[in-house]
Amino acid sequence: MLFRSLWEQKCLIFLGMPFMFLGSLTDFLFPNFIGQTITALTEGKYDEVNEYIWKFFVIICASAIASFIRDYIFAYASESLGLSLRQKLYDTVIRKDISFFDDNRTGDILSRIGSDTQVVSDGLTTSVSQTVKSFTVLIGVLIIMFNYSWKLTLICLASNSPLIFFSRISFYFTHGW
């Protein structure tokens, strides 16, 4: 039921993905702009320094606008998901037998419909948002790494793969999942 409700919001989630990438753009471009600015400063090219600063300012503004749109879209998706979950839970409760209402207090039922569904919807949309953002950052970092040196990138990936594998095994044994 949860994932079906989340799947109903797929259009909003997919709409938020490009804005998520644009919002994270400064994370990718910041080191490059700092490097170019320092190089231009050491070489005495002050016109280029001003140009880099203005370009970076424009990128930061665009990133801020994209982040705002992304947050708005995901907040709207969260509210829609919460509404959908509350409606489904309400419909389920209404169909219950009369003995269900004898065993459970009305306040407890209302609390479940109101607050618990909001907690679940917030958690789901936050985790989906973070998953998509992490995947986007991973792809962006891999593109940048391959752009600089594909050999070094393959060495980094090969050396980190056993670390990821053994950390997963360690997590499995310590948490028992």
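Above this text you will find the structure in question.
Note that the structure is a prediction, hence the values are computed from the model and not measured. Each chain has its residues counted from 1, following the order in which its sequence is written. It should be noted that, the model being predicted, local features are given only for residues of pLDDT at least 70 and side-chain atom pairs only at 80 or more, the latter also being counted only at that level, while totals for whole chains, interfaces and linings use all residues. To obtain the side-chain values, all non-hydrogen atoms of the structure were used and water was disregarded.

A.B. asks: Just give me the short version of the overall build of the chain, but keep the residues and values in it.
C.D. replies: Helix and strand definitions here come from DSSP, where helices need a minimum of 4 consecutive H or I residues and strands a minimum of 2 consecutive E residues; each element is numbered from the N-terminal end. Across its full length, the chain carries seven helices and zero strands. Start at the N end of the chain and walk to the C end: the helices and strands fall as α-α-α-α-α-α-α. The C-alpha atoms of the chain give a radius of gyration of 24 Å, which is well past the 16 Å a tight globule of 177 residues would have. Three exposure classes are used, based on accessible area relative to the maximum for each residue type with a 1.4 Å probe and protein chains only: buried under 20%, partly exposed in between, and exposed over 50%. Looking at the chain as a whole, 25% of its 177 residues qualify as buried. Sequence-distant contacts, at least 24 apart, represent 75% of the contacts inside the chain between residues at least 6 apart. Only the protein chains shown count as cover for residues, and all accessible areas are computed by the Shrake-Rupley method using a 1.4 Å probe. Surface accessibility of the chain: about 12600 Å² in total, with carbon and sulfur atoms responsible for 69%. Separation between the mean location of the 14 positive side-chain charges and that of the 15 negative ones in the chain comes to 7 Å. The globule rule used for comparison is 2.2 Å times the number of residues to the exponent 0.38, while the radius of gyration itself is calculated over C-alpha atoms. Residue contacts are counted whenever heavy atoms from the two residues lie within 4.5 Å of one another. When charges are counted, Lys and Arg are positive and Asp and Glu negative, with His and the chain ends excluded. We put the charge of a Lys on NZ, of an Arg on CZ, of an Asp on CG and of a Glu on CD.

A.B. asks: Could you give me a rundown of the packing of helix α2 (residues 10-23) against helix α3 (residues 25-42), with the residues and numbers involved?
C.D. replies: Describing two packed helices takes the angle between their axes plus the distance from one axis to the other. Contact pair α2 / α3: the axes reach a minimum separation of 5 Å and the direction vectors enclose 25°. Regarding the angle of α2 to α3, the classification is roughly parallel. Across the interface between the two elements, Phe21, Leu22 and Gly23 from α2 touch Leu25, Thr26 and Phe28 from α3. Class assignment for the residues of the contact of α2 with α3 results in four nonpolar, two polar and no charged. Lines fitted to C-alpha atoms define the axes, with helix axes restricted to the stretch in contact, and inter-axis angles between N-to-C directions lie between 0 and 180 degrees. Any angle that falls under 35 degrees is termed roughly parallel, while one over 145 is termed roughly antiparallel, one within 65 to 115 roughly perpendicular, and all others oblique. Under the scheme applied here, ten amino acids are nonpolar (Ala, Val, Leu, Ile, Met, Phe, Trp, Tyr, Cys and Pro), four are charged (Asp, Glu, Lys and Arg), and all others, including Gly, are polar.

A.B. asks: So, a nonpolar patch on the surface: which residues are in play, and what are the values?
C.D. replies: The patches described consist of residues with a relative accessible area above 30% and no salt bridge, like charges being joined within 9 Å and nonpolar side chains (Val, Leu, Ile, Met, Phe, Trp, Tyr) within 5 Å. One speaks of a salt bridge when a side-chain nitrogen belonging to Lys or Arg is within 4 Å of a carboxyl oxygen belonging to Asp or Glu. Side chains of Phe135, Leu138, Ile139 and Ile143 sit close together on the surface and give an oily, nonpolar patch of about 400 Å² of accessible area. If you trace the backbone, Leu138 turns up in helix α6 (residues 106-148).

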